[in-house]
Amino acid sequence: MNFSFDEQQKSFGDGVAQLLADFPALTAPDLTPPDEAVWIALAGLGLFALLVPERFGGVGMALVDLALAVEALGAGLAPPSVISTLAATDAIVRHGSGAQQRDLLPRIATGGLRIALAVLEADQGYDPHDARTAVAADRLNGSKILVGDVMAANLIMVVARTGDRTALVMVEPEARGVKVRAHDDLDPTSGFGEVSFDQVAVAREDILAEAAGARAVDRLVDVAATLHAAMLTGIASRMLDKAVDYARVRVQFGQAIGAFQAIKHRCADMAVALEAGRSTAYYAFWAVTEDASDATRAASMAKAYCGDVARQICNETIQVHGGMGFTWDLGLHRYLRRAKVIEHSYGDAAWHNERILAATLAALGTSQDRQLDAA
């Protein structure tokens, strides 16, 4: 059995990396918002059509086919709305009604629809099923925080309660009763904002996966966690490259600092951690794509571990650069800022570790029940 990526997957990942390299402002030291041309270029490359079925103008590929491309998006510090739109596409393909798919998927495929995910609420923790934002009497009320790239979004996918279950509600930012306030956060280029909903009219066709309930929301979290794990490995990979390149050219005591064991060991430890993170993320892509029995655990393991890896490698890379690493001019802070923001998006390590434990205990309980039944 061949577990490696095929040439098409590798080629598309390389294409995304080369495209983002044409926009140096994405990784420049200054904290400027991404140019709209980045989104247009990625749409022209066909990124947003990959998960869309062919009958809706897409390519009909699976989530695992995007693994290398998403890693390249992380390394290039692509706009967060790229990832949220991909996660939302999976939700619409999996749980959208025929009418919703016909309306939304063709626009997504061409890059004409940018979707923001509104999941987190103030003082409610990371569990999306604890949401207080709710639909009652066809009106949506509540608020969400840390909604990435919400200012540029054409549509907001909101995790909200509908009766006794959670569901995904599609809301237009311009709808009456919707207010958006920008956050002043660690990574201004992520475009985070708070969104409040005050008696926002919601039709039945605006509710995605109401029947699927918790399964659709859990799937959204799994996909978002997996995609962001790959983003984190992309960031870590780019930072490791910068550390190694600097160690080769920085001369101290008559030789490159990469010749010293202390620097060698740091770079080697980073490389080992990165490869372990990649393996974890790649497995999560496969498990979530195939709806494997351990998909939830795999997604949470990847998100928790890759967050630790990215933070470690970002910090170590800055240390390898010495005093220069702390200056604004090198731009290393851009990667650290984005890594820290992603690390706490869609669940931090502590929450995902609890999720892993709960899923493991549930699986063990099921296994024991089967053994008792067999006996």
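Before going into details, it helps to say that this report is about the structure given with it. (Residues numbered from 1 in each chain as written. Predicted model: local features only at pLDDT ≥ 70, side-chain atom pairs only at ≥ 80, totals over all residues. Heavy atoms only, no water.)

### Here's the deal with the pattern of salt bridges
Stated precisely, the cut-off is as follows: Every case where a carboxyl oxygen of Asp or Glu lies within 4 Å of a side-chain nitrogen of Lys or Arg is listed as a salt bridge. Counting from the N terminus, the helices are the DSSP runs of H or I reaching at least four residues and the strands are the DSSP runs of E reaching at least two. For each residue, the accessible area found with a 1.4 Å probe, counting protein chains only, is set against the maximum for its type, and the residue is called buried under 20%, exposed over 50%, and partly exposed in between.
This model, assessed by the stated rule, comprises 19 salt bridges. The salt bridge involving arginine 219 is made with aspartate 90; its shortest N-O contact spans 2.9 Å. With arginine 219 in helix α6 (residues 214-249) and aspartate 90 in helix α4 (residues 80-95), the pair connects residues that are 129 residues apart, well separated along the chain. Each member of the pair, arginine 219 together with aspartate 90, is buried. Between aspartate 138 and arginine 204 there is a salt bridge, and its shortest N-O distance comes to 3.4 Å.

### Some thoughts on the pairing of strand β4 (residues 155-162)
The two faces of a sheet get side chains in turn, since along a regular strand they alternate between them. Threshold: For two strands to be treated as a pair, DSSP must find at least two bridges joining them.
The element β4 is extensively covered by neighbouring structure, given that seven of its eight residues are classed as buried. Where strand β1 (residues 115-118) meets β4, four bridges bridge the pair, whose relative direction is parallel. Bridging from a neighbouring strand, leucine 117 pairs with methionine 157 of β4. Looking at chain direction, β4 and strand β5 (residues 165-171) are connected through seven bridges and run antiparallel. Looking across to β5, one finds that methionine 157 is bridged to methionine 170.

### Some points on helix α8 (residues 295-320)
Side chains that are three or four residues apart share a direction in an α-helix, a result of its 3.6 residues per turn. Basically, it comes down to this: How far a helix is expected to stretch is found by multiplying one less than its residue total by 1.5 Å.
With 26 residues, α8 should cover 38 Å at 1.5 Å per step; its first-to-last C-alpha distance of 37 Å lies within 8% of that length. Glycine 322 sits one or two residues past α8 and shows a positive phi near 65 degrees.

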